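# Descriptive analysis of the structure
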Amino acid sequence: MTEQDSPGMAPGPVSAAGDSQQRHIFVYRGWRFAYSAPRMRTGVYRPVVVCLGQGPDAQETMLPDDTDEIAYATEAEALRHAQQQAMRWVHDRTGDGQGQF
């Protein structure tokens, strides 16, 4: 597993729409993802994951919510869920299942 976040990346400001401007990059088994945890108006954080693809041919695809629980009390919890969601997405498409967590 390889995680590539730029050092010193602080959470971005919350916009009027509740969207965080900060995206982190995560690479797992050759797949690249951008993930964030925008703060919603209710004060909770929602994990958001976008698959950037493999190799140089990047095509952004937003991953669907993978659970009914999409609200987290802290940004750290939502970001952790986003990484795990990306890993499960790769496992589902490579036949590895979840046995390698």
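Report on the accompanying structure. Just so you know, these numbers come straight off a predicted model, no measurement behind them.

### Quick look at unusual backbone geometry
A positive phi is found at Arg 29, a non-glycine position, where the angle reads about 50°. Judged by its relative accessible area of 38%, Arg 29 is partly exposed.

### Observations regarding the nonpolar core
One finds Phe 26, Phe 33, Val 49 and Trp 89 to be the most contacted residues of the largest nonpolar core, which totals 18 residues. Elements supplying a minimum of two residues to this core: β2 (24–28), β3 (31–36), β4 (48–54) and α1 (75–94). Examining the composition of this core, we find that seven residues originate from one element, α1, more than from any other. Discounting chain neighbours no more than four positions away, the residues touching Val 49 are Phe 33, Ala 34, Tyr 35, Thr 61, Met 62, Leu 63, Ala 82, Gln 85 and Ala 86.

### A short note on α1
Between its first and last C-alpha, α1 extends 29 Å over 20 residues, near the 28 Å set by a 1.5 Å rise per residue. In the segment just after α1, Gly 95 is the residue with positive phi, at about 75°.

### So, the packing of aromatic side chains
According to the stated counting rule, one finds five aromatic pairs in the structure shown. Pairing Phe 26 with Phe 33 gives two aromatic rings, centres 6.5 Å apart and planes at 40°, and the pair type is tilted. Judged by its relative accessible area of 1%, Phe 26 falls in the buried class. A relative accessible area of 0% places Phe 33 in the buried class. Consider the rings of Trp 31 and Trp 89, whose centres lie 5.2 Å apart with planes at 80°: the pair is edge-to-face. Of this pair, Trp 31 sits in strand β3 while Trp 89 is found in helix α1, placing the two residues 58 residues apart along the sequence. The burial state of Trp 31 is the same as that of Trp 89; both residues are buried. Here the aromatic cluster, defined as three or more aromatic residues joined through ring pairs, consists of Phe 26, Tyr 28, Trp 31, Phe 33, Tyr 35 and Trp 89.

### What to know about the pattern of salt bridges
All chains considered together, the criterion is met by three salt bridges. The salt bridge involving Arg 88 is made with Asp 66; its shortest N-O contact spans 2.5 Å. Of this pair, Arg 88 sits in helix α1 while Asp 66 sits in the loop between β5 (61–62) and α1; the two residues are 22 residues apart in sequence, bridging distant segments of the chain. Residue classification places Arg 88 among the buried residues on the basis of a relative accessible area of 18%. On the basis of relative accessible area, Asp 66 is assigned to the partly exposed category, the value being 35%.

Analysis parameters
Residues numbered from 1 in each chain as written. Predicted model: local features only at pLDDT ≥ 70, side-chain atom pairs only at ≥ 80, totals over all residues. Heavy atoms only, no water. Buried < 20%, exposed > 50% of the residue type's maximum accessible area, 1.4 Å probe, protein only. Core = buried A, V, L, I, M, F, W, Y, C linked by side-chain atoms within 4.5 Å. Helix = DSSP H or I, 4+ residues; strand = E, 2+ residues; numbered from the N terminus. Contact = heavy atoms within 4.5 Å. Expected span 1.5 Å × (residues − 1). Phe/Tyr/Trp six-rings, centres within 6.5 Å; stacked < 30°, edge-to-face > 60°. Salt bridge = Lys/Arg side-chain N within 4 Å of Asp/Glu carboxyl O.

These values are about where atoms sit, not about what they do.
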